[in-house]
Amino acid sequence: MDGIITEIQHASIHDGPGIRSVVFLKGCQMHCFWCHNPEAIRKEIQIWFQEKKCLHCGACFSVCSLHQLSEREHRIDRERCTGCGRCADRCFSGALTLCGKNFSVEMAVEDLMQDELFYQASGGGITLSGGEPGMQPEFAEGILRQCRARGIHTALETNLAYPESIRKVLCAEADLVMADLKQMDPGKHREGTGCGNRQILENLRRLDRPLILRTPLIPGFNDDTESIRRIAEFAASLKPLLYYELLTYHPLGCGKAVHLGMKSRCAPLPEIPEEKISELTESAAAVGIPLYRNGKEWRI
Amino acid sequence: MKSFRMTRYTGQIARLVAKKKEQVLEKQRKLGKADEDDYGYVLPPEDFMTHFHFPEVDENGSFHGVRAWAKNFRALMEAHPVYVDADDALAGRWMFMMSRMRAGYQLALAPFPADYSFLHRDQERYDLTHGIGKDAHFAPDYRIGLALGWGGLTDKVRKSLKRLAKDEEAAELLQAELDVLAGIRNWIHRTALAAEGEVRRINLKLETEAPETLQEACQWIAWFNMASRTYNRDGAGGQLDEILRPYYERDIAAGRIDDEDAVYFIACLLLNDPHYYQIGGPDREGNDQTSRISYLILEAAHLLKISCNLTIRVHDRMEEGLFRRGVEILLEDRLGYPRFSGDNALIRGYMRNGYSAEQARERIALGCNWMSIPGREYTLNDVVKINLMKVFEVAFNEMAESGQCSLETLHSGFRKHLAKAALCIAKGLDFHLAHQYENEPELLLNLLCHGPIEKGRDASHGGVEFYNMACDGAGIAVVADSFAAIQTQVVERRRISWKECIDAVRSDFRNANGERIRLLLASSPRYGHGGTCADEWAVTLMRDFVESFPNRHHTPEGRLIIPGLFSWADSLRFGKTVGATPNGRHAGEPSSHGANPCPNFRRDGAVTAIVKAVASLQCGYGNTSPLQLELNDSFLNGENTVDRLMALFRVHFQLGGTLINVNIVHAETLRAAQKNPELYPDLIVRVTGFTAYFIMLSPEFREFVCQRILKEEQYA
Ligand code: SF4
Ligand code: SF4
């Protein structure tokens, strides 16, 4: 079984317990306007172009007409790009690379097993993230199952916006589920992410794996106490909940969007002021569930 | 261990630390840069050098030989300004370094047959750091001095002198030792008279007698350290917890002191001088020797928060609590201490040289990268090095000129030249050991070694038991990446020809297309990534280096050579003499650091990858290839960071790692300090084995440290 991965990141400490490796699967059914990982939205392999490194040497122009130099600007016709990678192969400077790579389950597992000793020593393991692992369910399930069979702790970062049948298959192989819930209001949810939240809520209610529920705090979308309180209350009703976590917005995705030519995603959102974040945190804490913020336990 | 809190001495310690900061700033203003350890010295009164003169100098203003060193040292001691501070439990500070006060010193001018011109050609060709004429860099056994005191040492020397009066070399040496001892005792006596109360009483006693209490033992060690620093910088330290334990336990049992007193005394010792001290680890039988005082030493450093070189010895039967407390303090203080040594691999490695497990367990990490058995082993650690980049350059140029270009030719050329370089190093070591005592005898370290006084032979001239000479390789990552770049781009992918590669490298990538070729080469696999041809090259080159020494790692005269990988602050210097390299490095840029990969070795910069990479480059004979880790908030923000770091260190040691130095720096602070160092007088960075005040580094060196830390912190 093959799949597409944007990267496998080793030595992560933010995606579950201990020292972990994270597989970022490419492709997502949501299109959140604040996305931290815009490179993982589209399923297809894309061209990653770092203008600063480009020498305008023309080597890529000679292999593909989608590259054009106009007014000293290197343009790429991304709409027609097939991600074949011939241009990147010619590029001397590393300005052109491919974003996304085909992996078999075995290749992915082999890469992950490199850090086996660290997982054992730290109580860590592997985490599937994305994009949305649920978009490549068989591939994702294959990695989880093989790792688990080797005694490695598995975690799944997911938005759960898919049918129950997929949830069952994936979650059965995950020792820990870290699910995102961004809004309780279905209309707002659809506005911000391009998807409704009915399936998500349904999946969450039926989940039987240890769960960390997370909400990214997004200016103008859910940075009001009402939104956060409602999610926290819902979280409180979930039996397998370990804790609820708030994540502050980070404009990390903007720099990546530039390299991918995703113009609408290049400008960072305004920052939420510190007092506001505290207020939101307090409103979640008031619900009386274990609470984390940015990876750290929140204590009043 | 039950947790420790200081309540009584906080005022004294705060004032001592504040004064220390002032002294650092003062040194920076007066002396400017010093790319090295803080050492703990203070500046002498301004006019001191206008009226002090060494009694024995030659026409060049320098001095050599046993007698001159002794007479000059004694004169300096007898004139040495006294220093006492009412807040300090210990008296004294040192102010001079004699080995740097030899105006016009040149080995070639020494009045003995110091002609090693037969080695010059290869020394220059390979830019060898040969160590001839270098001093110290081995370790004393403090227990000898603590048991005897200065009076007892004097008696011991006298007795030996009587016995060996007819042995000319011995008589000269022992006579010199008497001068040294008289000088030190004079300094102690005068300092005692300037002090008051308990400090005065203790020092009047210690002028002659052996210490009996913890405070006395700390003061005695401080005196030896200060005297030895003054003589030739030394700085080795020792297994501090075991050295102090008997005094501590006796004082506690007698109800003389409590833990707060103990921590205060130890803090004053650490403040006096940042020697390399070890805590924990196995005793001779392999049992863990962690005790209450091991923890108190850590707490003393934690209290001070100044430049400090403590090492926790990690091994199989380790007391978990000490390891954990060390990591907690490392994370909390972010001052680069403690560091951690991997004693399993170090012991195993040393035993491969034919030593017993008991002997190997006594060998500890006593300097930047170095290992030595206190008082028994002469090593010249950290001052003998082969710049592997230079050797590579010679081989590369030779291949280019021959026109016979292939990876095999290049590799066999590298090995051939490496063997020549290693032979030259080996001959140089023999030369050093034959002549050094006539140049600069180890008059201070001799006193605390087993043998020199008994035999009447300098430690550098047969006085001690073991002669295991260290030699370190430098720049291995640059060479591995260079081989990998050629293999990838010239041989396998054929993106450029041999000629294009050679022309670009030899023009420092400034020819037509040079920059393109440089970028192409630089985009090749790199050592540190894991599983690439560059990682394979690194291991191959490490083995080449280990095997390059003649006669199964022995000098022509039969002294063992123990290889390691380390470049210390030399990374800048080593880079300067080497032209561009095929990994895309420009001419003159620094060498890679120790066994660490080149910066940007991997896109995600995974700290697990670097931990494994450096573990794979252990030479395996008991000397180190340290892992230098730069960690930032992204690896440290989160829950259970202590456990994660412990896991990281454990895996490194499990894979054969030998020594871990960690920097935890807030990138913003470092950037700001780079712009305005004066605003950050107390910013401390771990340069390699040692920690240093950032402000005391030269601008160039600051830049180098920042580059390394800021580049590597993004990996974490
Ligand atoms: S990836 Fe292929 S199609 Fe896309 S720009 Fe490059 S060469 Fe053209
Ligand atoms: S090959 Fe690379 S460096 Fe050359 S023009 Fe294309 S993107 Fe720029």
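Residues numbered from 1 in each chain as written. Chains lettered and ligands numbered in written order. Predicted model: local features only at pLDDT ≥ 70, side-chain atom pairs only at ≥ 80, totals over all residues. Heavy atoms only, no water.

**Looking at the overall build of chain B**
From N to C terminus, chain B includes 29 helices and 13 strands. Reported as C-alpha extents along the three principal axes, the dimensions of chain B are approximately 80 × 65 × 50 Å. Counting all 716 residues of chain B, 68% fall into the buried class. Roughly 23,900 Å² of accessible area belongs to chain B as shown, and the carbon and sulfur atoms make up 49% of that amount. Of the charged side chains in chain B, 85 are positive and 96 negative; the average position of the first set lies 2 Å away from that of the second. (Helix = DSSP H or I, 4+ residues; strand = E, 2+ residues; numbered from the N terminus. Buried < 20%, exposed > 50% of the residue type's maximum accessible area, 1.4 Å probe, protein only. Areas by Shrake-Rupley, 256 points an atom, 1.4 Å probe, with all protein chains shown as cover. Lys, Arg positive; Asp, Glu negative; His and termini not counted. Charge placed at Lys NZ, Arg CZ, Asp CG, Glu CD.)

**A short note on the interface of chain A and chain B**
At the interface, 30 residues of chain A touch 26 residues of chain B. The junction of chain A with chain B conceals about 2,500 Å² of combined surface from both sides, 58% of it contributed by carbon and sulfur atoms. For the chain A face of the interface with chain B, the top three residues by lost area are I13(A), F92(A) and F118(A), together amounting to 29%. Put simply, chain A and chain B have three salt bridges between them. (Contact = heavy atoms within 4.5 Å. Buried area = accessible area lost by both parts, 1.4 Å probe. Salt bridge = Lys/Arg side-chain N within 4 Å of Asp/Glu carboxyl O.)

**Details of the site of ligand 1**
All residues adjacent to ligand 1 are I47(A), C64(A), L66(A), H67(A), C81(A), T82(A), G83(A), C84(A), G85(A), R86(A) and C87(A). In terms of residue class, the shell around ligand 1 is built from six nonpolar, four polar and one charged. (Near = heavy atom within 4 Å. Nonpolar A, V, L, I, M, F, W, Y, C, P; charged D, E, K, R; others polar.)

**Side note on the domain arrangement of chain B**
Residue and element names in this part refer to chain B. On domain assignment, one finds that chain B holds domain 1 (33–111 + 142–233), domain 2 (117–140 + 367–594) and domain 3 (259–358 + 614–716). In this structure, domain 1 and domain 2 have C-alpha centres spaced 36 Å apart. Counting residues at the interface gives 38 residues for domain 1 and 30 residues for domain 2. A buried area of about 2,700 Å², summed over both sides, lies between domain 1 and domain 2, and 62% of it is on carbon and sulfur atoms. Linking domain 1 with domain 2 are four salt bridges, by the criterion used here. Across the pair E454 and K156 runs a salt bridge, and its minimum N-O distance is 3.2 Å. Inspection of the region where domain 1 meets domain 2 yields 14 residue pairs in polar contact (both at pLDDT 80 or more). When contributions to the side of domain 1 that touches domain 2 are tallied by element, the ones reaching two or more residues are α3 (65–79), α5 (142–163), α6 (168–194) and α8 (214–232). (Domains from an automatic or database assignment. Polar contact = N/O pair within 3.5 Å; in protein donor to acceptor, adjacent residues only side chain to side chain.)

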